[in-house]
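The lines below spell out each chain.
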Amino acid sequence: MPRIVREAEIDWEGTTARGSGVVRAASTGSFELSTTIAARIDVVEQKTSPEELLAAAHATCFVTSLGSELARVGTPPERMHVRCTITMDEVAGQGHRIVASHIAARATAPGADDASLAEAADAADAGCPFSALIRASAAVTVEAVLEEGGS
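So, here is what we can say about the structure in this document. (Residues numbered from 1 in each chain as written. Predicted model: local features only at pLDDT ≥ 70, side-chain atom pairs only at ≥ 80, totals over all residues. Heavy atoms only, no water.)

Moving on, we come to the sheet that holds strand β6 (residues 139–146). Sheet architecture is open: three strands sit in the order β4-β5-β6, paired in mixed fashion. The sheet terminates laterally at β4 (79–91) and β6, the two strands that pair on one side only. When strand polarity is set aside, the average angle formed by the axes of neighbouring strands in this sheet is 15°. In this structure, β4 lies alongside strand β5 (residues 95–108), joined through 13 bridges in antiparallel fashion. Each residue of the ladder has a partner; that of Val82, found in β5, is Ala105. Docked against the sheet, helix α2 (residues 50–72) engages β4, β5 and β6, running at close to 140° with respect to β4. Packing of helix α3 (residues 114–127) onto the sheet brings it into contact with β5 and β6, and relative to β6 it is tilted by some 150°. (Pairing = 2+ DSSP bridges. Helix = DSSP H or I, 4+ residues; strand = E, 2+ residues; numbered from the N terminus. Axes fitted to C-alpha atoms, helices over the stretch in contact; angles between N-to-C directions. Contact = heavy atoms within 4.5 Å.)

Structure follows, in structure tokens:
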């Protein structure tokens, strides 16, 4: 795989406490999302946060890794759903840190069974660059469930 470089940018107006920003995919123009400091602390409709963007990135990376692993063992998925939950918490003496990323994956993969899905999920986690990035400073957990029609 070639080196991959992507860029995002944000324009912020006002103070951190009362201002707001718009974060954009500078490389592709594929998204433009509003954000505020309040969106980091609470769920604010139509606003995102760095933690939500990290969750989206980890989920996207993992789903492509899982699909590749399932295909590699001869059980390409028909459908997959991945939800990533990022947890940020205060760590004594360090301030706020990402402390966990939990991946919950569901897949419909004809020919797969629970054991082969679990094995593929473990391999997907090991091969996912975002899992490696997060694991350097936080816990990464993965659970995978085979949906009907999968075996």
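After presenting the structure, the write-up continues.
What follows concerns the nonpolar core. Formed by 24 residues in total, the largest nonpolar core has its most connected members in Phe62, Leu66, Leu70 and Val82. No other element matches the seven residues that α2 contributes to this core. Once residues lying within four places of it in the same chain are set aside, the contact partners of Leu66 are Met80, Ala105, Leu117, Ala120, Ala121 and Ala124. (Core = buried A, V, L, I, M, F, W, Y, C linked by side-chain atoms within 4.5 Å. Buried < 20%, exposed > 50% of the residue type's maximum accessible area, 1.4 Å probe, protein only.)

For the rest of this paragraph, the subject is the packing of α2 against α3. Where α2 contacts α3, the axes come no closer than 8 Å and their chain directions differ by 130°. As judged from the angle between their axes, α2 and α3 are oblique. Along this stretch, α2 crosses α3, giving a crossing that reads as right-handed. Across the interface between the two elements, Phe62, Ser65, Leu66, Glu69 and Leu70 from α2 touch Leu117, Ala120, Ala121, Ala123, Ala124, Asp125 and Gly127 from α3. Taken together, the residues that form the contact of α2 with α3 break down as eight nonpolar, two polar and two charged. (Parallel < 35°, antiparallel > 145°, perpendicular 65-115°, else oblique. Left-handed = near helix turned anticlockwise from the far one by under 90°. Nonpolar A, V, L, I, M, F, W, Y, C, P; charged D, E, K, R; others polar.)

Quick look at α3 now. Its 14 residues place the ends of α3 20 Å apart at the C-alpha level, agreeing with the 20 Å of an ideal helix rising 1.5 Å per residue. Looking only at α3, the buried set comprises Leu117, Ala120, Ala121, Ala124 and Asp125. Taken down its axis, α3 places every buried residue within 135° of arc, on the same side. Opposite the buried face of α3, at more than 90 degrees from it, the exposed residues are Ala115, Glu119, Asp122 and Ala126. Tucked into the core, α3 has its buried residues touching α2, β5, α4 (129–135) and β6. Where α3 starts, the residue carrying a side-chain oxygen 3.2 Å from the main-chain nitrogen of Ala115 turns out to be Asp113. (Expected span 1.5 Å × (residues − 1). Arc of directions from axis to C-beta. Polar contact = N/O pair within 3.5 Å; in protein donor to acceptor, adjacent residues only side chain to side chain.)

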